[in-house]
Amino acid sequence: MRFTARPATDAAFALGEGPVWDEARSRLLWVDILANTVHEGSLGVDGTVHARRSWTFADTVGAVAFAGDGTLLVAERHTLTRVGLDDTRTHVARVLPEDRASRLNDGAVDPAGRFLVGSLAQDDRRGEEVLVRLEDSGVTVLDADLDLSNGLAWSPAGDRFYSVDTLPGLVRVRDYDPATGAVGERRDLLTIADGHPDGMCTDAEGNLWIAVWGGARVECRSPAGALLATVDVPALNTSSCTFAGDLLVITTAARGMPRERRPEFPDAGRIFTARVGVHGLPTPSWVPPACAP
């Protein structure tokens, strides 16, 4: 099955990433990593995205989540910050050492409300990046051997946890207990060779929707890894996706393309949307842990 996404914003973003649909407030959140900015927008009935407000930070922002009261949790370069309804910013936790040549990247909230986030190297190191989870006891490291931590997603029952390591092209899976936070052994589920797996989400049927950086597409994969559908995206660097009901929302990047390929993708960096015939899982809200101020 094949679908085609269409542009949903007039504006293009240098490195659009991490779209999140806050159903209770009918708002879409996303980040522009290289512009150090979190954006908020609304969705039109025709699938267009209308920007409403933004928050700018001193350095890169890799991910954003929302709490039940509407406040935000933002993954800055090395730390997690809470943004209040009055725009007050409060330090929540340090994830990476200040002198580490890495930055926080993609993050997501698990079915119990815990926030997970990974890192990527900003130099040529390999195999030293982390995936962590913020919980009552502080920051817990789940993985410490990654090349580039990226998309995170859970099965509808919350008992399977999927994660991306982009540079080796791997999507991995492990058992997961939302009630206790216990995780099982990590296993390789699938490899994407034509491009690199980036952000991803899960639909209500348990299938994965994986944005392929350098591949101008989103792939739908079964829980066993079989290719079920493809969404063609008119942007080479397709970075992430989420569902807003039955609408697939896709972020892309204007940066990072070879100069000779730019004429092929004049809409690169814009947000795209597509109707793909399924509904997504509702995005859980972040539950601030005891360690958070």
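On a predicted model such as this, the values are computed, not experimentally measured, just so you know.

(A) Representation of the packing of aromatic side chains in the model. Overall, the coordinates contain five aromatic pairs when judged by the stated rule. Among the aromatic residues, ring-to-ring pairing joins W154, F161 and Y176 into one connected group. Above the face of the F57 ring, R89 is positioned so that its terminal group lies 4.1 Å from the ring centre.

(B) Molecular detail of the sheet that holds strand 25 (residues 272-275). In spatial order, the strands read 2-25-24-23; together these four strands make up an open sheet with antiparallel pairing. Looking at the sheet topology across the chains shown, the edges are occupied by strand 2 (6-7) and strand 23 (238-244).

(C) Region of the structure containing the sheet that holds strand 20 (residues 208-213). Judged by pairing direction, the sheet is mixed, and its five strands sit side by side in the order 1-22-21-20-19 without closing on themselves. Two strands close off the open sheet at either side, each with one partner strand: strand 1 (2-4) and strand 19 (196-202). For this sheet, the mean angle separating the axes of adjacent strands, direction not counted, is 25 degrees.

(D) View of the layout of surface pockets. Here the largest pocket defines a volume of roughly 510 Å³. Lining of the largest pocket is provided by 33 residues; of these, A108, V109, L152, T283 and P284 occupy positions nearest its centre. Counted by class, the lining of the largest pocket contains 21 nonpolar, ten polar and two charged residues. Elements with a minimum of two residues in the lining of the second largest pocket: strand 11 (102-109) and strand 19. Broken down by class, the residue content of the lining of the second largest pocket amounts to six nonpolar, four polar and three charged.

Calculation rules
- Residues numbered from 1 in each chain as written.
- Predicted model: local features only at pLDDT ≥ 70, side-chain atom pairs only at ≥ 80, totals over all residues.
- Heavy atoms only, no water.
- Phe/Tyr/Trp six-rings, centres within 6.5 Å; stacked < 30°, edge-to-face > 60°.
- Lys NZ or Arg CZ within 6 Å of the ring centre and 35° of its normal.
- Pairing = 2+ DSSP bridges.
- Helix = DSSP H or I, 4+ residues; strand = E, 2+ residues; numbered from the N terminus.
- Axes fitted to C-alpha atoms, helices over the stretch in contact; angles between N-to-C directions.
- 1 Å grid on protein atoms, 1.4 Å probe; cavity = no way out; pocket = protein on both sides within 12 Å on 5 of 7 lines; lining within 4 Å.
- Points joined across faces, edges and corners; volume = space filled by probe spheres on them.
- Nonpolar A, V, L, I, M, F, W, Y, C, P; charged D, E, K, R; others polar.

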